[in-house]
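Observations on the three-dimensional arrangement
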Amino acid sequence: MSADTTPIATLPVTLTVNGRKVQRFVEPRTLLIHFLREELSLTGAHIGCETSHCGACTVEIDGLSVKSCTLFAVQADGAAVNTVEGLANPDGTLHALQEGFRQMHGLQCGFCTPGMLMRAKVLLSENPDPTEEEIRHGIAGNLCRCTGYQNIVKAIQHAAATLNGRVFQEAAE
Ligand code: FES
Ligand code: FES
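Worth saying up front: this structure is predicted, and the values here are computed from it rather than measured. (Residues numbered from 1 in each chain as written. Chains lettered and ligands numbered in written order. Predicted model: local features only at pLDDT ≥ 70, side-chain atom pairs only at ≥ 80, totals over all residues. Heavy atoms only, no water.)

1. Let's talk about unusual backbone geometry
Positioned with a positive phi, S52 is a non-glycine residue whose angle comes to about 65°. Counting through the fold element by element, S52 comes out in the loop between α1 (32-39) and β3 (58-61). In this model, D62 sits at a positive phi of 45°, which is unusual for a non-glycine residue. Tracing the chain through its elements places D62 in the loop between β3 and β4 (64-67). Residue classification places D62 among the exposed residues on the basis of a relative accessible area of 53%. (Helix = DSSP H or I, 4+ residues; strand = E, 2+ residues; numbered from the N terminus. Buried < 20%, exposed > 50% of the residue type's maximum accessible area, 1.4 Å probe, protein only.)

Right, dumping it as structure tokens:
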């Protein structure tokens, strides 16, 4: 029996990724996370599960946080996609969220961090001054096996304070 050499059909996809237009031909079954990591070498977003729970693959698509393991690249055709690689400020300094995670020790292994940061970015755009409960609820789609979440909450509070022009004051525990 000869091997099936039928070429796999591809479709054109055009995206704006971190402000730059990219165009590729992809198989319809290609997941957006694989497109970002393997086609564009944006390897910040990670894959932590096969059941859409962990959120390590979270990116921002047209202002929404989306688990990119649960979307085909072709479904994002025409969209603006932002990944952690585009999060730092244009002058190269860290975004307030990145700084918050660093200052408040909101990461350990760092595997969940790109997804956490992108989710937190959208969370703060939806709710610029969230309560602790709102933050915990707001990142419920993002799992972390290292931090116990406490310092991630503080990191997001730190970033919210910075973005609101305040100095972060840690609540007494
Ligand atoms: S890889 Fe776990 S939700 Fe996407
Ligand atoms: S820092 Fe390791 S999984 Fe969150």
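2. Points about α1
Listed in full, the buried residues belonging to α1 are L32, I33, F35 and L36. Down the axis, α1 shows its buried residues gathered within 165° of arc, on one side only. (Arc of directions from axis to C-beta.)

3. Digging into the sheet that holds strand β2 (residues 20-26)
What the five strands build is an open sheet, ordered β2-β1-β5-β3-β4; its pairing is mixed. Of all strands in the sheet, those bounded by a partner on one side alone are β2 and β4. Going from strand to strand, the sheet's axes swing by 40° on average, the running direction of each strand aside. The pairing of strand β1 (residues 11-17) with strand β5 (residues 80-82) spans two bridges and is parallel. In the strand pairing of β5, V17 is matched with V81. Across the face of the sheet, α1 comes into contact with β1, β2, β3 and β5 while running at roughly 75° to β1. Along the sheet, helix α3 (residues 113-126) makes contact with β3, β4 and β5, crossing β3 at roughly 35°. (Pairing = 2+ DSSP bridges. Axes fitted to C-alpha atoms, helices over the stretch in contact; angles between N-to-C directions. Contact = heavy atoms within 4.5 Å.)

4. Comments concerning helix α2 (residues 96-103)
Among all positions of α2, only A96, L97, Q98, G100 and F101 are buried. Phi turns positive, to about 60°, at H105, one or two residues after α2.

5. Focus on the pairing of β3
Residues T58 and E60 point to one face of β3 and V59 and I61 to the other, with burial holding for every one of them. Inspection of the sheet shows β3 paired to β4 by four bridges, in the antiparallel sense. Each bridged residue has a counterpart across the sheet, and for I61 the counterpart in β4 is L64. Of the pairings in the sheet, the one linking β3 to β5 comprises two bridges and is antiparallel in character. When the bridges of β5 are listed, I61 appears paired with V81.

6. Notes on the packing of α2 against α3
α3 packs onto α2 with a crossing angle of 125° between their chain directions and a minimal axis gap of 10 Å. The angle between α2 and α3 falls in the class oblique. Taken as a pair, α2 and α3 cross one another with a handedness that is right-handed. Residue-level contacts link L97, Q98 and F101 of α2 to T113, M116, L117, A120, K121 and L124 of α3. Classifying every residue of the contact of α2 with α3 gives six nonpolar, two polar and one charged. (Parallel < 35°, antiparallel > 145°, perpendicular 65-115°, else oblique. Left-handed = near helix turned anticlockwise from the far one by under 90°. Nonpolar A, V, L, I, M, F, W, Y, C, P; charged D, E, K, R; others polar.)

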